[in-house]
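Coordinates in review
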Amino acid sequence: MYKKNHKDESPFIVSECDKMITERASLVKQQRIHTTESQFSCLKCGKVFNLKQRLVKHERTHTVEKPYPCSECEKYFTQKACLVEHKKTHTGENLFPCPECGESFIQKSNLKTHQRIHTGEKPFSCPECKKCFTVKSSLEKHQRIHKGEKPFSCPECCKSFTEKSTLVRHLRIHTEVKPHSCTECSKCFNHKSSLKEHSKSHTGEKPLSCRECGKCFIKKSNLYIH
C-alpha cells in the first residue's frame, strides 16, 4: 500500500518502508519487494523474480552469455558488478590475503570459503547421500544429480547438462575449438583431461596396470579391453 504525500516533489510514500517515490513506475517496483508478487519466472528452473532485469541477469546462469569483458585479461562475466569486483585483482584494491598460503581474495567471504581447504571443513551436506561440500553452490550442483535436473541445454543439439562448465566443454564439439595444446607436438584437444592423457605418450608413463598379468596402459579404455 501507499499514501499520497502532500509535497509535490515526492507524491508517493510506500507505507511498508516509508520510502518516498516520485514516479508511479518506480512505486510499482518498490511495492513488489514488500509483497509475494513475482511476475517474472525463469523458464529453465522456475525461479521467480519481482523485477524483469533480475530475471535477465539470472537467465545468463543457464547460458554461456557473458557480455562484460575485462580489458586487462579478457575474462568475461555475466554481470557488471562481477566485472567491477574482478578488476580489483588487477589493481590490488582491498584484497584479503590467506595467512596459510598467501593467496588473496576480493571479498572477505571468499577468503573464509578458501580457508576451508586448509581446515578441511565441509559444512554443507547432502540430505540424500550425506556427501559434504565446502561451499553451498557445490552442494546445489550435486543435488541436481538426485533430482535429475539438467538446466543447461545446448542450443545446437538440445542435449542438457547439470553444470554450466560441462555445457561449455560440450559446445566445443560443435565449434571445433580445441584450447588445450601439447607443448611437445602442438596437437590440440577439446578437454584438459584429453591433453593430460595424451602427454603420457611422450613421457612413457603408463599408470594403469592389469591386476592379473601386470601389463601397463596409458588409457583406462585400453585396460578394460585387455
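In this convention, every chain numbers its residues from 1, walking through the sequence in written order. Selection of residues for local features in this predicted model requires a pLDDT of at least 70, selection of side-chain atom pairs for listing and counting requires 80 or more, and totals for whole chains, interfaces and linings are taken over all residues. In computing side-chain properties, one takes all heavy atoms of the structure into account and sets aside hydrogens as well as water.

Quick word on unusual backbone geometry
Inclusion rule: For the purposes of this entry, the term helix denotes a DSSP run of H or I that reaches at least four residues, the term strand denotes a run of E that reaches at least two, and both are numbered from the N terminus. Working definition: with a 1.4 Å probe on protein chains only, accessible area under 20% of the residue-type maximum means buried, over 50% means exposed, and in between means partly exposed.
Its identity as a non-glycine residue notwithstanding, Lys 130 has a phi of 70°, on the positive side. Examined against the element boundaries, Lys 130 turns out to sit in the loop between strand S10 (124-125) and strand S11 (132-133). Even without being glycine, Cys 158 reaches a positive phi, approximately 65°. Along the chain, Cys 158 turns up in the loop between strand S12 (152-153) and strand S13 (160-161). Judged by relative accessible area, Cys 158 falls into the exposed class, the value being 61%.

What to know about helix H4 (residues 108-119)
How we decide: The span one expects for a helix is its residue count, reduced by one, times 1.5 Å. We call two residues contacting when some pair of their heavy atoms lies within 4.5 Å.
The terminal C-alpha atoms of H4, which comprises 12 residues, lie 17 Å apart, in line with the 16 Å expected from a rise of 1.5 Å per residue. For H4, the complete set of buried residues consists of Leu 111, His 114 and Arg 116. Where H4 is buried, its residues meet strand S8 (96-97), strand S9 (104-105) and S10. Positive phi appears at Gly 120, one or two residues downstream of H4, with a value of about 80°.

Observations regarding the side chain of His 114
Relative to the elements of secondary structure, His 114 occurs in helix H4. If sequence neighbours within four positions are ignored, His 114 has contacts with Cys 98, Cys 101, Glu 103 and Phe 105.

Interpretation in functional terms is not warranted from these geometric data alone.
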